[in-house]
There are 2 protein chains.
Amino acid sequence: MSPTSATWIAADWGTTHLRVWAMSSSGTVLAQATSDDGMGRLTRDGFAPALDRLTADWPRVPVIACGMVGSRQGWVEAAYAAVPCPPLADDLTAAGDRTHIIPGLKQTAPADVMRGEETQVAGFLALNPGWDGVICLPGTHTKWAHVSAGEVVSFQTAMTGDLFAAITGHTVLRHSTAAGWDDAGFLLGVDEALSHPERLATRLFSLRAEGLLNALPDATARARLSGLLIGAELAATRAYWLGQQIAVIGAGTLAGLYVAALGAQAAPATQVNADRATLAGLTAAHRRWKDRP
Amino acid sequence: MSPTSATWIAADWGTTHLRVWAMSSSGTVLAQATSDDGMGRLTRDGFAPALDRLTADWPRVPVIACGMVGSRQGWVEAAYAAVPCPPLADDLTAAGDRTHIIPGLKQTAPADVMRGEETQVAGFLALNPGWDGVICLPGTHTKWAHVSAGEVVSFQTAMTGDLFAAITGHTVLRHSTAAGWDDAGFLLGVDEALSHPERLATRLFSLRAEGLLNALPDATARARLSGLLIGAELAATRAYWLGQQIAVIGAGTLAGLYVAALGAQAAPATQVNADRATLAGLTAAHRRWKDRP
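Because the structure is predicted, anything quoted here is derived from the model rather than measured.

For this particular structure, what's the right way to read the nonpolar core?
The nonpolar side chains of soluble globular proteins are, as a tendency, buried together. Of all hydrophobic cores here, the largest spans 42 residues; its most connected members are A:Leu204, A:Leu225, B:Leu204 and B:Leu225. Of all elements in the fold, only α3 (160–170), α5 (200–214) and α6 (218–236) of chain A together with α3 (160–170), α5 (200–214) and α6 (218–236) of chain B reach the threshold of two or more residues within this core. Sequence-distant contacts of A:Leu204, that is, excluding residues within four places in its chain, are made with A:Leu173, A:Leu225, A:Leu228, B:Met159 and B:Leu163.

Structure (structure tokens):
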């Protein structure tokens, strides 16, 4: 398999990275490449050269892209589609001479936005036709999407990963949560937050005090903090996941934590490979773009 | 009034600052000085020179100190007294040849600690003998102390100020909460958090989305974030303040926000000058130290 026979390029273009796949007409991945040219470090006229650099050895074929590349600070703004709607909008937004960007989704009340995750939702639905339930997409900003009859009915975002990084990096808890992990501590934190979400504000400082008074290990404090924050997120999204079929789309450790936390609440969730969902979503978008009237 | 007649020195020695007052035998402030030589920037053998530098023109009289100077990373560790107990311990901890440090307080379950605030509580009680109720001490780490019959019965800490700084400085909300203020936004945030504390995790990202979709002004987002966090703190400490007599010890804006938030919950609070409480507490400690058997 060689990228010379690629007929289109799939691109996942987020804030920190650009990832591209050279695709055959039958949907096979022929080659793959990644760079640090995320939206965050590019000016508007830097996107086309960044794409050309990374795909210089590949045929100059159409590109289907998703993610922050379509934000106001991105290459070209791809206006949000409003839920309820299918995860893939009918029209893609053109950028440069060969790139087509998948729009994100917005929700009016409560106000919310996503860019990139809609493509994973579309990919998951392409792989699981007719699936209804709730899709959790863990990340810096974790998304919860209620999916029914092929549409995103509503969604919610919790900035749990962002909070965890800010608290462990920039508050007094940085002295008590440096490194390590403790599964039991994590599940205790989840349980504390879900049992008494209203106590979160005082639970946090307790981790510091337990370190000072009871020599609570950093690994336990770190895991319990993660559990408290993910538990607070589960408390906020309970109406989404309770009694629903749940899929968690994500790679590795973080998605595993959500599956474990939900499992402890007797809410079994299926873990789904994120790259596979992204590629399936970009492939679905490419097919519709190719077959457009 | 000249510092030459000072008979002792009161010192409030926290993480970021050292503040000293030259005191007459009758309790009058004769002079005052402040430096940046807080505990955070001093090594163990830097405390005595920092104190001598700042009081070089004053008589070399005994010093009564409170705050982080007595922490494990401070000059000499002043072991915590365990609540329930009076805010001022019987024994002060000696440091150098003339300094006496007031120990902090600890609580075993839930684990909690304070250093410095116990002196303000003691000062408030010295100024208001026989007072029972709840004392709120706003700050980076806000303390709530339940006081009865001259003792601190129990206390709780919420790291609300620390969280606000980390979130506005180091998460995606830094783009939406740069500056400004909006009183109505603050009270809305307080009400949202107290009505549904379990929704906090998703309310936070909503501030960002409302900025993107509805052009929510930064000033409103900043005030609402503050309201959400102080509201979450009031939810966590409700058992403390509900139906109690409340005193808020603190200077200026931050203490005023707590008074406003409590007032909106039909919980009127009295605002008390923090410096006055600190000085009254150090004076009470000095009197007991001078009169020790």
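The structure having been displayed, the exposition proceeds.
Honestly, the domain arrangement of chain A in this entry has me stumped. Any pointers?
By a widely used convention, the size of an interface equals the accessible area lost when the partners come together. Residue and element names in this part refer to chain A. Domain boundaries in chain A define domain 1 (1–106) and domain 2 (116–293). Computed over C-alpha atoms only, the centres of domain 1 and domain 2 are separated by 26 Å. Taken together, the contact pairs 28 residues of domain 1 with 23 residues of domain 2. When the buried area of domain 1 at its contact with domain 2 is split by residue, Trp-8, Pro-87 and Leu-88 rank highest and sum to 28% of it. Summed over the shared surface of domain 1 and domain 2, the result is 2 salt bridges. Here Arg-19 makes a salt bridge to Asp-275, at a shortest N to O gap of 3.0 Å. The tally of links between domain 1 and domain 2 comes to 5 residue pairs in polar contact (both at pLDDT 80 or more). Per element, the largest residue contribution to the side of domain 1 that touches domain 2 is 4 residues, and it comes from strand β1 (residues 8–13). Across the side of domain 1 that touches domain 2, the residue classes break down as 21 nonpolar, 3 polar and 4 charged.

I would appreciate a short explanation of the relation of the copies chain B and chain A in the present structure.
What connects the two chain copies is a rotation about an axis and a shift along it. In the superposition of chain B on chain A (RMSD 0.0 Å, axial shift 0.0 Å), the rotation amounts to 180°. Here the transformation between the copies is reduced to the relation of a two-fold axis. Taken as a fraction of all interface residues of chain B, those also at the interface in chain A reach 100%, which identifies the copy contact as same-surface.

Sorry if this is basic, but what is going on with the pairing of strand β13 (residues 246–249) of chain B here?
Consecutive side chains along a regular strand alternate between the two faces of the sheet. All names here are of chain B. A two-sided burial pattern is seen for β13, the buried positions comprising Ile-246 and Val-248 on one face and Ala-247 and Ile-249 on the other. Bridging between strand β10 (residues 133–137) and β13 involves 3 bridges; their strand directions are parallel. In the strand pairing of β13, Ile-135 is matched with Ala-247. Judged from the 4 bridges that link them, β13 and strand β14 (residues 269–272) form a sheet pairing that is parallel. Looking across to β14, one finds that Ala-247 is bridged to Thr-270.

About the thresholds
The residue numbering used here restarts from 1 in each chain and proceeds along that chain's sequence as written. To read the labels, note that chains go from A and ligands from 1, taken in the order they are written. For this predicted model, a pLDDT threshold of at least 70 governs which residues receive local features, and a threshold of 80 or more governs which side-chain atom pairs are given and counted, while totals over whole chains, interfaces and linings are taken from all residues. Each side-chain value is derived from all of the structure's non-hydrogen atoms; neither hydrogens nor water enter the calculation. Take the buried Ala, Val, Leu, Ile, Met, Phe, Trp, Tyr and Cys residues and link them wherever side-chain atoms come within 4.5 Å; each set so joined is a nonpolar core. Relative accessible area decides the class of each residue, using a 1.4 Å probe on protein chains only: under 20% of the type maximum gives buried, over 50% gives exposed, and in between gives partly exposed. Put simply, DSSP H or I for four residues or longer makes a helix, DSSP E for two residues or longer makes a strand, and each gets a number counted from the N terminus. The contact criterion used is simple: two residues touch if any of their non-hydrogen atoms lie within 4.5 Å. Residue ranges labeled as domains rest on an automatic or database domain assignment. By buried area we mean the combined loss of accessible area, with a 1.4 Å probe, across both parts when two parts are placed together. Any carboxyl oxygen of Asp or Glu that lies within 4 Å of a side-chain nitrogen of Lys or Arg is treated as forming a salt bridge with it. In the analysis that follows, any N or O atom pair within 3.5 Å is treated as a polar contact, provided that within protein one partner can donate a hydrogen and the other can accept it, and provided that, for residues neighboring in sequence, both atoms belong to side chains. Residues were grouped as follows: Ala, Val, Leu, Ile, Met, Phe, Trp, Tyr, Cys and Pro as nonpolar; Asp, Glu, Lys and Arg as charged; and all remaining residues, including Gly, as polar. The copies were overlaid with a least-squares fit restricted to C-alpha atoms from residues scoring a pLDDT of at least 70 in each copy. We treat two strands as partners when DSSP finds at least two bridges between them.

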